[in-house]
Amino acid sequence: MGSQSVTVSTNGGMITEMLVVSTLPSQCLIISEVVEGSSFDKAVEIFNCGAGTLTLDGLTLCQVNGMNTNCSSDLALTGSLAAGETLVICNAQSSASIKMVCDIEDNVTSFNGDDRLILFEEVGGAAGAYDEGTDTLLDAFGQYATFPGGKIWENTTYDRCNLTPYNGVDPFDVSTYFNALPSGTITGLGTAPVAGCN
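Residues numbered from 1 in each chain as written. Predicted model: local features only at pLDDT ≥ 70, side-chain atom pairs only at ≥ 80, totals over all residues. Heavy atoms only, no water.

1. Section: the overall build of the protein
For clarity, the cut-off: Per the convention used, a helix needs a DSSP run of H or I reaching at least four residues, while a strand needs a run of E reaching at least two, with both numbered from the N terminus. Here the term buried applies to any residue with accessible area under 20% of the maximum for its type, exposed to any over 50%, and partly exposed to those in between, with areas from a 1.4 Å probe on protein chains only. In what follows, a contact means two residues having at least one pair of non-hydrogen atoms within 4.5 Å. To measure how exposed things are, a 1.4 Å probe is used in the Shrake-Rupley method; for residues, cover is taken only from the protein chains shown.
From N to C terminus, the protein includes 2 helices and 14 strands. Within the span of the protein, comprising 198 residues, buried residues form 42% of the whole. For the protein, restricting intrachain contacts to residue pairs at least 6 apart in sequence, the fraction spanning at least 24 positions comes to 59%. Total accessible area computed for the protein in this model is approximately 9,700 Å², and 52% of it derives from carbon and sulfur atoms.

Next comes the structure, spelled out in structure tokens:
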């Protein structure tokens with residue numbers, strides 16, 4: 001980590017450049033499904049895309065609501081998640097079919113089509129708030145600090161098809177990371193995502 005001076009020799013010439021190496025997440029954990037259904041039928045699936053079991057202690061899933069730029073509600077995760085396994089968080093008032101595959105009931109899933117989600121490791125700063133300077137962002141759904149301009153994600157299920165983590169800052173095209181499915185679709189909820197977008 002940090003900055004290093006690197007010298008490269010090309011065609012007899014020498015170029016010296018400063019190389020900056022940033023901190024990268026030590027684990028692979030992504031938001032693999034977002035169910036944004038009608039009424040209280042809301043759920044988020046998290047997937048361990050790494051090679052080993054992950055400890056979830058110290059990790060937080062947070063929702064950034066509407067015009068806010070940081071966490072409006074959050075869920076501190078605990079326990080562990082084996083490689084290739086999923087964890088499903090659902091609204092406490094979801095339908096019975098969603099609750100059948102739900103592991104945790106929490107109001108972090110009380111979103112409504114314009115809310116963003118951040119999955120991050122708490123390193124410093126206030127608990128339950130994402131601190132860009134110290135915390136490690138693992139994945140996100142939407143640009144976390146940018147209001148999308150309307151309820152562009154409502155009444156749709158988003159199934160992960162690109163397993164590359166999204167940094168939460170660059171412009172977010174949902175179709176780059178997720179396949180959009182009709183409202184109420186939960187057939188893939190609780191199962192590992194498959195790479196390959198439509």
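2. A closer look at the pairing of strand 12 (residues 136-141)
Both faces of the sheet carry side chains from a regular strand, because those side chains alternate between them. Just so we agree on the cut-off: Two strands are counted as paired when DSSP detects at least two bridges linking them.
Strand 12 sits mainly inside the fold: 6 of its 6 residues count as buried. Inspection of the sheet shows strand 11 (residues 116-121) paired to strand 12 by 5 bridges, in the antiparallel sense. Bridge pairing in strand 12 links Phe-120 to Leu-137.

3. Comments concerning the state of the cysteines
The cut-off we apply is this: In what follows, a disulfide is any cysteine sulfur pair within 2.5 Å.
Under the defined criterion, the tally for this structure stands at 4 disulfides. A disulfide bridge connects Cys-62 with Cys-71, and the sulfur atoms are separated by 2.2 Å. Where Cys-62 bonds to Cys-71 through sulfur, the torsion about that S-S bond is close to -80°, and the disulfide is left-handed. Take Cys-62 and Cys-71: they sit in the same class, and that class is buried. Each bonded cysteine of the protein is numbered by sequence order, and under that numbering the disulfide pairs are 1-2, 3-4, 5-6, 7-8.

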